[in-house]
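Structure at a glance
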Amino acid sequence: RAKSAGGNRYELADPEADARAITRHGLTTALPAALDRGEFFIEYQPLVYLGDGSVRGAEALVRWLHPQHGVLGPDRFIPLAEHTGLIVPLGRWVLEESVRQARVWQDRYEEAGPFRINVNLSPMQLTHPGLVADTVDILERFGLEPDALCLEVTESALIGADDDLLKPLRRLSEMGVDIALDDFGTGYSNLANLRRLPVNVLKLDRSFTQGMQQYPADPVDLKIVEGIVSLAHSLGLSVTVEGVETGAQAEQLKHLGCDTAQGWYYARPGPPDRLHELALADATG
Ligand code: C2E
Ligand code: MG
Ligand code: MG
Ligand code: MG
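Report on the accompanying structure. Throughout this document, residue positions are counted from 1 along each chain, in the order its sequence is written. As a convention, the first chain written is A and the first ligand written is 1, with the rest following in written order. Only residues with pLDDT of at least 70 get local features here, since the model is predicted, and only at 80 or more are side-chain atom pairs given and counted; chain-wide, interface and lining totals rely on the full set of residues. Side-chain descriptors were evaluated using all non-hydrogen atoms of the structure, hydrogens and water having been removed beforehand.

**Some words on the packing of helix 2 (residues 15–37) against helix 3 (residues 74–84)**
Put simply, the rule is: Fitting a line to C-alpha atoms yields each axis, with helices limited to the stretch in contact; the angle taken between N-to-C directions then spans 0 to 180 degrees. Elements are defined by DSSP. Helices are runs of H or I of four residues or more, strands are runs of E of two residues or more, and each kind is numbered from the N terminus. Left-handed describes a crossing whose near helix is turned anticlockwise from the far helix through less than a right angle; right-handed describes the clockwise counterpart. The contact criterion used is simple: two residues touch if any of their non-hydrogen atoms lie within 4.5 Å. Three residue categories are used. Nonpolar comprises Ala, Val, Leu, Ile, Met, Phe, Trp, Tyr, Cys and Pro, charged comprises Asp, Glu, Lys and Arg, and polar comprises the others, including Gly.
With their axes 10 Å apart at the nearest point, helix 2 and helix 3 run at an angle of 65° to one another. As for how helix 2 packs across helix 3, the hand of that crossing is right-handed. Between helix 2, through T23, R24, L27, T28 and L31, and helix 3, the contact on the second element is made entirely by R76, F77, L80, A81 and T84. Split by residue class, the contact of helix 2 with helix 3 holds 5 nonpolar, 3 polar and 2 charged.

What follows is the structure in structure tokens.
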């Protein structure tokens, strides 16, 4: 038992840590078969255009229906998949499945205008040589325009990125794929650095919106967000806010000039049919 947990004596002294290590080990070894067996699925969270409140797209968020542990969120297994490299085939599956779904939605809401899909990319996918070719192949296979796809990359993945790392992102961006800087504001946000990155969407992290749950919001929080939004706009970036949980937040963020919002106030992540209902309700008034 100690061996299966990695033989770490210190973990044995702490039964809970031991159990966690065993779970981690168990989850890690179960990942490849889980992909083969189709145990992963995707929930979609609507992206709402603040100008008129319409649903213009969705972010794809992966989950694992584990046969023993039930539904596991990405925070439980994405780090493990990154560690073992399984994130490359898993991420490719997420991209393919999300693009396939986006195609279905586009066909359904033709009159409502283009429906867009956001997909998260791990740092390891960025350095994988097949990224551009795989993305092109998937878009072509499902007949989705590149500008209907937005790839989300975290700020920390691009910290100190050299040109080799940025090259594939730049190529995708030139093709028309949107690139979003996810969780902006959680790391060592370097606003000047934004100019250098092939990014055209800024996703403001939830931590910024938390100070706006009450009305009136903390004036310092408001000033900070206002400053970031105006800088982003002056650099030609659109701004999406994450974690909008109340109507007061939504109002204030709209007032501050944010373009798109996402959060429980509008909808939690859910199955494709749920998003279908929301978008349809929206399109029919
Ligand atoms: P993220 O890309 O920043 O996604 C937003 C997270 O915030 C999601 O958590 C979403 O469920 C949650 N969220 C949305 N609205 C609200 C809200 O109003 N309040 C609160 N408290 N939370 C909200 P989730 O689904 O657990 O995903 C966590 C992270 O896992 C994602 O953060 C993303 O970094 C990563 N992830 C998810 N799917 C994938 C994937 O397919 N590939 C990769 N590489 N990473 C993924
Ligand atoms: Mg994201
Ligand atoms: Mg995010
Ligand atoms: Mg976040």
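**Quick word on the side chain of Q125**
Let me state the cut-off plainly: Burial classes follow relative accessibility: with a 1.4 Å probe on protein chains only, a residue under 20% of its type's maximum area counts as buried, one over 50% as exposed, and anything between as partly exposed. Pairs of N or O atoms within 3.5 Å make up the polar contacts considered here, provided that, within protein, one atom can donate a hydrogen while the other can accept it, and that residues adjacent in sequence are counted only when both atoms are side-chain atoms.
Summarising the element assignment, Q125 is placed in helix 5 (residues 123–127). For Q125, a relative accessible area of 8% corresponds to the buried category. A distance of 2.9 Å separates a polar side-chain atom of Q125 from the backbone nitrogen of S122. Sequence-distant contacts of Q125, defined by excluding residues within four places in its chain, comprise I87, V88, G91, R92, N120 and L131.

**Considering the site of ligand 1**
Stated precisely, the cut-off is as follows: One heavy atom suffices: a residue is near a molecule or strand as soon as one of its heavy atoms comes within 4 Å of it. Calculation of accessible area relied on Shrake-Rupley with a 1.4 Å probe; when residues are assessed, cover is drawn exclusively from the protein chains displayed. Here a cavity is any set of points on a 1 Å grid over the protein atoms alone where a 1.4 Å probe fits but cannot get out, and a pocket is any open set with protein on both sides within 12 Å along at least 5 of 7 lines; a residue lines the site when it has an atom within 4 Å of a point. To be counted as sitting in a cavity or pocket, a molecule needs more than half of its atoms within 2 Å of that site's grid points.
With respect to spatial proximity, 23 residues lie near ligand 1, and among them R63, S122, D182, E245 and W264 are the closest. Contact distances for ligand 1 include 3.0 Å between an oxygen atom and a side-chain N or O atom of E59. D183 places a side-chain nitrogen or oxygen 3.0 Å from an oxygen atom of ligand 1. Protein coverage of the free-state accessible area of ligand 1, which is 810 Å², stands at 84%. Comparing atom positions with the cavity grids shows ligand 1 to sit within the largest pocket. Looking at which element gives the most residues to the shell around ligand 1, the answer is strand 2 (residues 54–66), with 4 residues. In terms of residue class, the shell around ligand 1 is made up of 9 nonpolar, 5 polar and 9 charged.

**Quick look at the coordination of the magnesium ion (ligand 4)**
Note the following rule: Each metal site is built from N, O and S donor atoms within 2.8 Å (3.2 Å for Na, K and Ca), and since water is not included, such sites may look incomplete.
With distances of 2.3 to 2.6 Å, the protein atoms coordinating the magnesium ion (ligand 4) are D183 (OD) and E242 (OE). A separation of 3.0 Å is found between the magnesium ion (ligand 4) and the magnesium ion (ligand 3), which are bridged by D183. Residue D183 is located in strand 6 (residues 178–184), and its partner E242 is located in the loop between strand 8 (238–241) and helix 11 (247–255); the two are separated by 59 residues in the primary sequence. D183 sits in the partly exposed class, given a relative accessible area of 25%. Owing to a relative accessible area of 12%, E242 belongs among the buried residues under this scheme.

**A closer look at empty space enclosed by the protein**
Gaps between atoms show up when a probe of the same size as a water molecule is rolled over them. For clarity, the threshold we go by: Grid points are joined across faces, edges and corners, and a volume is the space filled by probe spheres set on the points.
This model, assessed by the stated rule, comprises 2 cavities of 30 Å³ or more. For the lining of the largest cavity, the elements supplying multiple residues, two or more each, are helix 4 (87–108) and helix 6 (131–142). If one sorts the elements of the lining of the largest cavity by residue count, helix 4 sits on top with 4 residues. The residue inventory of the lining of the largest cavity, partitioned by class, reads 4 nonpolar, 5 polar and 2 charged. Reported here for the second largest cavity is a volume of approximately 70 Å³. Lining the second largest cavity we find 10 residues, and of these E155, L181, N190, N193 and L197 sit closest to its centre. Among the secondary structure elements, those contributing two or more residues to the lining of the second largest cavity are helix 7 (155–158) and strand 6.

**Topic: the coordination of the magnesium ion (ligand 2)**
Within the protein, the atoms that donate to the magnesium ion (ligand 2) are E59 (OE), N120 (OD1), E152 (OE) and D182 (OD), at distances of 2.0 to 2.2 Å. Each donor residue of the magnesium ion (ligand 2) belongs to the same chain, and together they define the spacing E-x60-N-x31-E-x29-D. Distance-wise, the magnesium ion (ligand 3) is placed 3.7 Å from the magnesium ion (ligand 2), both being coordinated by D182. Of this pair, N120 sits in strand 4 (residues 116–120) while D182 sits in strand 6; the two residues are 62 residues apart in sequence, bridging distant segments of the chain. Note on N120: relative accessible area 29%, which makes it partly exposed.

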